[in-house]
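Here is how the chains run, residue by residue.
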Amino acid sequence: MASMITIAIGLATVALLWFFFRPPFGKNMVRLNTDQRVVALTYDDGPNPPYTDQLLDVLAKHNVKATFFMIGNRIERHPETVNRVIAEGHQVGNHTYSHPLLGFLPPFCIRREIERTDDLLQQYGIATDSVFRAPMLTRFLPVAYVLAKLDRTHISCNVWSWDWTTQNPDKIAKTVLKKTLSSTGAGSIIVLHDGKAENKKANRSGTIEATDRIITALKQDGYEFVRLSDVS
Ligand SMILES: [Zn+2]
């Protein structure tokens, strides 16, 4: 009897944890809804000059458009970089105001983090229901709840670059290309970083060099690059 109770408590705990970390409601986009050979490059944690500018130079060289998930307090500090990102035709998304571990905050704090950056982006003509990604992809129960209330989709990914652990361009490019090509690649959403949340002056040279190699290799394989808004 005691062992059955233990098993029941164990199963209930697993179910609750699963419900918290993988809430089975709301919209969570992991890849683009397409079977075409298109991928979306996404960059988190900027704007971060001069690296964001160097990245924009690489994207312009290849005539590729990407999506930038920006942090509100960085937007306030670097309006000229935000303007350049928008002027060059890239999409801008919301990555909270201060990049907290969002999934562990109460709903009212989560809402404030999202809406503060919505307000900032609105000053650049970006709609208040712009694409949103939680820091460290912590779309846990409170985040899923707030996004469902706001009727907004969380943008996740299917290809991690791991560029927050290394700035070795070989490693970053290899990781991205292997994962993208091994999963047919169609509609892949790739996460890279033009900034680093915990370091306001993070050097992103490795990510920039890797981006050059990733674009070159995927283009040779027949892939095209889109912003999230290009594929619904
Ligand atoms: Zn982030």
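Bear in mind the structure is a predicted one, so any value in this text is a computation, not a measurement.

Q: Would you take a moment to explain the overall build of the chain for this structure?
A: When you go through the chain residue by residue, the secondary structure sums to eight helices and eight strands. Against the globule reference of 17 Å for 232 residues, the chain gives a C-alpha radius of gyration of 19 Å, in line with a compact fold. Over its C-alpha atoms, taken along the principal directions, the chain stretches across nearly 70 × 40 × 30 Å. Counting across all 232 residues of the chain, residues that qualify as buried make up 42%. In the chain, 79% of the contacts between residues at least 6 apart in sequence involve partners at least 24 apart.

Q: Just to check I follow, could you spell out the pairing of strand β7 (residues 188–193) for this structure?
A: It is a general feature of regular strands that their side chains alternate between the two faces of the sheet. Most of β7 is tucked away: six of the six residues are buried. The side-chain alternation of β7 yields two buried faces, one formed by S188, I190 and L192 and the other by I189, V191 and H193. As paired strands, strand β2 (residues 38–46) and β7 are joined by six bridges and run parallel to one another. In the sheet register, T42 faces β7, and the bridge partner there is V191. Viewed along the sheet, the connection from strand β6 (residues 159–160) through helix α7 (residues 169–182) into β7 turns out right-handed.

Q: Help me understand unusual backbone geometry in this model?
A: With the exception of glycine, the majority of residues adopt a negative phi angle, and the majority of peptide bonds are in the trans configuration. Of note, the amide linkage connecting G46 to P47 takes the cis form, showing an omega dihedral of 0°. By secondary structure assignment, the location of P47 is in the loop between β2 and α2 (51–61). The omega angle of the peptide bond from P49 to P50 is 5°, so this bond is cis rather than trans. The backbone phi angle of N63 is positive, close to 55°, even though this residue is not glycine. For N63, the location among the structural elements is in the loop between α2 and β3 (67–70). Exposure remark for N63: the 9 C-beta atoms within 10 Å place this residue in the exposed category. One non-glycine residue with positive phi stands out, namely T96, at about 75°. Mapped onto the elements, T96 comes out in the loop between β4 (91–94) and α5 (107–122). Taking the C-beta count within 10 Å as the criterion, T96 has 25 such neighbours and is therefore assigned buried.

Q: Explain the environment of I189 here, please?
A: Relative to the helices and strands, I189 resides in strand β7. Taking the C-alpha atoms as reference, I189 lies 22 Å from A148; in sequence the two are 41 residues apart. With near-sequence residues (within four places) excluded, I189 lies in contact with V30, R31, L32, A40, T42, I155, C157, N158 and V159.

Q: Looking at this structure, I do not really get the environment of I208. What am I missing?
A: Tracing the backbone through its elements, the reader meets I208 in helix α8 (residues 205–220). For I208, a count of 23 C-beta atoms within 10 Å gives the class buried. Residues I208 and P169, 39 residues apart in the sequence, show an inter-C-alpha distance of 7.9 Å. With sequence-adjacent residues up to four places away left out, I208 is seen in contact with Y51, Q54, L55 and V58.

Parameters and conventions
- Residues numbered from 1 in each chain as written.
- Predicted model: local features only at pLDDT ≥ 70, side-chain atom pairs only at ≥ 80, totals over all residues.
- Helix = DSSP H or I, 4+ residues; strand = E, 2+ residues; numbered from the N terminus.
- Rg over C-alpha atoms; globule rule 2.2 N^0.38 Å.
- Buried ≥ 20, exposed ≤ 12 C-beta atoms within 10 Å, placed from the backbone.
- Contact = placed C-beta atoms within 7 Å.
- Pairing = 2+ DSSP bridges.
- Right-handed = clockwise from strand over helix to strand, strands pointing away.

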